[in-house]
Amino acid sequence: MIRSDVWVFLILVSFIAALSKVAAVESPPLAENGETLLAKAEADQVIAEMSERFKANPCLKARIAAEIDDLIGTRKMEGELLLDRPSRCFRKFIKPSLIMQVLNGSRLQEYTPKTKKLFITDFSRAPQALKVAQAAFTADLQVLNAFFTVHVFAAPEQTSPVSDRRYRILLTKPASELTTTETTKPKLPFPYNRIQARIASCDLFFNEIAYFPEDGHPIVERYFDIQPIKKPTDEAFTVEIPADIVPQVRILDKENK
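Rules of the game
- Residues numbered from 1 in each chain as written.
- Predicted model: local features only at pLDDT ≥ 70, side-chain atom pairs only at ≥ 80, totals over all residues.
- Heavy atoms only, no water.
- Helix = DSSP H or I, 4+ residues; strand = E, 2+ residues; numbered from the N terminus.
- Expected span 1.5 Å × (residues − 1).
- Buried < 20%, exposed > 50% of the residue type's maximum accessible area, 1.4 Å probe, protein only.
- Arc of directions from axis to C-beta.
- Core = buried A, V, L, I, M, F, W, Y, C linked by side-chain atoms within 4.5 Å.
- Contact = heavy atoms within 4.5 Å.
- Salt bridge = Lys/Arg side-chain N within 4 Å of Asp/Glu carboxyl O.
- Pairing = 2+ DSSP bridges.

Q: Can you help me understand helix 2 (residues 40-56) in this one?
A: Along an α-helix, a turn takes 3.6 residues, which lines up residues three or four apart on a common side. A rise of 1.5 Å per residue sets the reference length of helix 2, with its 17 residues, at 24 Å; its end C-alpha atoms lie 24 Å apart and thus fit the reference within 8%. Turning to helix 2, its buried residues are Ala43, Val46, Ile47, Met50, Ser51, Arg53 and Phe54. Along the axis of helix 2, the buried residues cluster in a sector spanning 160 degrees; they form a single face. Those residues of helix 2 that are exposed and angled more than 90 degrees off the buried face are Ala41, Lys55 and Ala56.

This is the structure:
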């Protein structure tokens, strides 16, 4: 069974690992009932408009409800999201136990008081991995588009009023292996075959993101009460750690040494 603190962190790993070699997806994605798969030009326009909307509203807060189904049933987590695009994100899960995950600049911290564990990933020597990490946390699809094959589905039809449109965005492994050399990408596992996000046409953030692993069970995160806010203070992205906690630090660099 995957520990709750581990699978939350795997979400970040899944995005960063797009810089590694990956195998091709065998079959093309299928539309769900009532959906239309958009042509590339239309899909690019949807993503561009979404990105402009996100940039115009860089700071927001929301509630998170996450769940994973496994052999013992459905495990659920509830928490809060605080976002300050493009480089700061605070994910604080409150139920069933406290987990705090903070991306602030070039450092990712994950603290679990229950186990007294503090994990720190330092991206300062790995600007490419940092770029993808920040894009993953802040939902910057224009950046992620360079590392994934992106499919955009619209429902109802694209000819319907803008206010009625809903989009399902599917990120899959590229159809061919990436050509990046071994010395310029992180050697990290890639646990997910695809990642799927849903959003309404005028929303400021996704209302659902689902992660589908190669082995194991899907992880689904749903977002509620999404609200734009004023720029948070530095203190809002600071986690108070007890003095007796020894952090476990991993320094990422482009040479993977």
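So that's the structure; there's more coming.
Q: I'm lost on the nonpolar core in this one. Help?
A: As a rule of thumb, nonpolar side chains are buried together in soluble globular proteins. Core analysis: the largest hydrophobic core is formed by 50 residues, its most contacted members being Val152 and Phe206. The greatest single-element share of this core, amounting to six residues, is contributed by helix 3 (residues 127-138). In this structure Val152 touches Thr36, Leu37, Leu38, Ala43, Val46, Ile47, Tyr167, Arg168 and Ile169, once residues within four positions along its chain are discounted. Within the second largest apolar cluster, ten residues are counted, among which are Met100, Val102, Leu118 and Val239.

Q: Would you mind going over the pattern of salt bridges with me for this structure?
A: Close approach of charged atoms lets side chains of opposite charge pair. Counted under the stated rule, the structure contains twelve salt bridges. Here Asp84 makes a salt bridge to Arg88, at a shortest N to O gap of 2.8 Å. Neither Asp84 nor Arg88 differs from the other in exposure class; each is buried. Salt-bridge contacts for Asp84 lead to Lys231; the nearest nitrogen and oxygen are separated by 2.9 Å. Of this pair, Asp84 sits in strand 3 (residues 73-84) while Lys231 sits in the loop between strand 12 (219-228) and strand 13 (248-253), placing them 147 residues apart in sequence. Given the relative accessible area of 60%, Lys231 is considered exposed. Overlapping salt bridges, with partners in common, bring together Glu32, Glu35, Glu67, Arg168, Arg198, Glu208 and Arg222 in one network.

Q: I would appreciate a short explanation of the pairing of strand 8 (residues 149-155) in the present structure.
A: If a strand is regular, its side chains alternate between the two faces of the sheet. Of all seven residues in strand 8, six are buried; the element is thus mostly enclosed. Two strands pair when backbone bridges link them, and strand 1 (residues 36-37) and strand 8 are joined in this way by two bridges, in the antiparallel orientation. Residue pairing in the sheet places Thr36 in a bridge with Ala154 of strand 8. Of the strand pairs in this sheet, strand 8 and strand 9 (residues 166-172) are connected by seven bridges, and their pairing is antiparallel. From the neighbouring strand, Ala155 faces strand 9, where its bridge partner is Arg166.

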